[in-house]
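Architecture at a glance
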Amino acid sequence: MRGMPALSPVAAIARAQDPDRFLCALWCPPAVREAAFALIAFNHELARAREVTDTPLVALMRLQFWRDAIEAPTPREHEVAAPLHAAIATGALDRADLLAMVDAREAEAEEEGFPTTGAFHAYLAGTAGGFCVALGRALGAPPALLPALLRAGLLHG
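Residues numbered from 1 in each chain as written. Predicted model: local features only at pLDDT ≥ 70, side-chain atom pairs only at ≥ 80, totals over all residues. Heavy atoms only, no water.

Helix and strand counts for the protein chain stand at nine helices and zero strands. Counting from the amino terminus, the protein chain carries its helices and strands in the arrangement α-α-α-α-α-α-α-α-α. In terms of C-alpha radius of gyration, the protein chain reaches 15 Å, essentially the compact-globule figure of 15 Å for 157 residues. C-alpha atoms of the protein chain, sized along the principal axes, occupy 50 × 35 × 30 Å. Here the protein chain holds 157 residues, and the buried ones make up 44% of them. Taking all contacts inside the protein chain whose residues are at least 6 apart in sequence as the whole, residues at least 24 apart take part in 56%. A total of about 8700 Å² of accessible surface is found on the protein chain, and carbon and sulfur atoms cover 60% of it. Each charge class in the protein chain was averaged separately, 13 positive and 18 negative side chains, and the resulting centres sit 7 Å apart. (Helix = DSSP H or I, 4+ residues; strand = E, 2+ residues; numbered from the N terminus. Rg over C-alpha atoms; globule rule 2.2 N^0.38 Å. Buried < 20%, exposed > 50% of the residue type's maximum accessible area, 1.4 Å probe, protein only. Contact = heavy atoms within 4.5 Å. Areas by Shrake-Rupley, 256 points an atom, 1.4 Å probe, with all protein chains shown as cover. Lys, Arg positive; Asp, Glu negative; His and termini not counted. Charge placed at Lys NZ, Arg CZ, Asp CG, Glu CD.)

Shown next, in the form of structure tokens:
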């Protein structure tokens, strides 16, 4: 569209891979918007870890890549890892929130599935709920609201 700024590469990934969340991110304040796009793209990359392989060990290795990228002192040359690192460096995204999202995805690598309803709920809380908490924190949600965001994400998941 004429007059509209071009999307950043990570925003284009977010739009292509998770259009609903992308549209929601457009309502984020401009100072947080790129971090929201990076979070959406990161969430997609985590979901792909198990989708692209039939081997649980390979899925776990892909998740380890993301742990390492989050904890790295310098950005990795990757279309999502670099903007994610920038969002962490500016304080828009919290490392602990992102690492918790990675940890929650390990349950997908299990070949037997979820052994109990509680395990499935924990997975949803860590994945969709973790996404909501990370974005809520980036948007300045007060700490008292984070449990409600976690629950909303769990229900959305």
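Following the structure, the description resumes.
As a further point, take the nonpolar core. Judged by nonpolar contacts, the single largest core of 37 residues is most densely connected at Leu39, Phe42, Trp66, Leu84, Leu93 and Leu98. For this core, the secondary structure elements donating two or more residues are helix H1 (9–17), helix H2 (19–25), helix H3 (30–51), helix H4 (56–71), helix H5 (81–89), helix H6 (95–105) and helix H8 (128–138). It is H3 that provides the largest number of residues to this core, a total of eleven residues. When residues no more than four places from it in sequence are discounted, the contact partners of phenylalanine 42 are Trp66, Ile70, Val80, Leu84, Leu98, Met101 and Val102. (Core = buried A, V, L, I, M, F, W, Y, C linked by side-chain atoms within 4.5 Å.)

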